[in-house]
Amino acid sequence: GAIAGLVMESSSFRYGFLHNAVVAMDVLLANGTVVSCSRTEHPELFAALPHSYGTLGYVLSASLQAVPAERDVLVTLRE
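Scoring rules and cut-offs
Residues numbered from 1 in each chain as written. Predicted model: local features only at pLDDT ≥ 70, side-chain atom pairs only at ≥ 80, totals over all residues. Heavy atoms only, no water. Helix = DSSP H or I, 4+ residues; strand = E, 2+ residues; numbered from the N terminus. Buried < 20%, exposed > 50% of the residue type's maximum accessible area, 1.4 Å probe, protein only. Contact = heavy atoms within 4.5 Å. Areas by Shrake-Rupley, 256 points an atom, 1.4 Å probe, with all protein chains shown as cover. Core = buried A, V, L, I, M, F, W, Y, C linked by side-chain atoms within 4.5 Å. pLDDT = per-residue confidence, 0-100. Pairing = 2+ DSSP bridges. Axes fitted to C-alpha atoms, helices over the stretch in contact; angles between N-to-C directions.

## Considering the overall build of the chain
Here comes step 1: Secondary structure assignment for the chain yields two helices and three strands.
Here comes step 2: Buried residues in the chain amount to 22% of all 79 residues.
Here comes step 3: For the chain, the share of sequence-separated contacts (at least 6 apart) that also reach a separation of at least 24 residues comes to 52%.
Here comes step 4: Roughly 6,100 Å² of accessible area belongs to the chain as shown, and the carbon and sulfur atoms make up 57% of that amount.

## Looking at the nonpolar core
Here comes step 1: Counting residues in each nonpolar core, the largest one holds nine residues, listed as Ile-3, Val-22, Met-25, Val-27, Val-35, Cys-37, Leu-45, Phe-46 and Leu-49.
Here comes step 2: Broken down by secondary-structure element, the contributors of at least two residues to this core are strand E1 (22-28), strand E2 (34-38) and helix H2 (43-48).
Here comes step 3: Residue contributions to this core peak at three residues, all from E1.

## Details of the confidence of the model for the chain
Here comes step 1: For the chain, mean pLDDT is 82; residues scoring 70 or higher make up 80% of the total.
Here comes step 2: When pLDDT is averaged over each helix and strand of the chain, the minimum, 63, is found for helix H1 (residues 12-15) and the maximum, 96, for E2.

## Some details on the sheet that holds strand E3 (residues 58-64)
Here comes step 1: Taken together, three strands build an open sheet; the order of strands is E2-E1-E3 and the sheet is antiparallel. With one partner strand each, in any of the chains shown, E2 and E3 form the two edges of the open sheet. Neighbour to neighbour, the strand axes of the sheet diverge by 20 degrees on average, direction disregarded.
Here comes step 2: As defined by bridge partners, E1 adjoins E2 across five bridges and the pair is classed as antiparallel. Directly across from Val-27, in E2, lies its bridge partner Val-35.

## Side note on unusual backbone geometry
Most peptide bonds are trans, and most residues other than glycine sit at a negative phi.
Here comes step 1: Positive phi outside glycine occurs at His-42, with the angle close to 50 degrees.
Here comes step 2: On the basis of relative accessible area, His-42 is assigned to the partly exposed category, the value being 41%.
Here comes step 3: Its identity is not glycine, yet His-51 carries a phi of approximately 70 degrees, on the positive side.
Here comes step 4: By the element assignment, His-51 lies in the loop between H2 and E3.
Here comes step 5: On the basis of relative accessibility, which here comes to 39%, the residue His-51 falls in the partly exposed class.

Pasting the structure below:
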């Protein structure tokens, strides 16, 4: 849902939405076939899936480009 819909998170301002990190996806189409897509393989489907909310197919798996994480994170809990 996060890839085919619209998801923002705390670092979206820096790295873009979740679908911007997708490198490739396996998608179940309405006719029952599974298609792999990327920027070079079925590029039309790859470009159309974000924001389609599942109308084009169901994302079974996705490969994502990871971004560096901060080494230390400070968390403060307040009651």
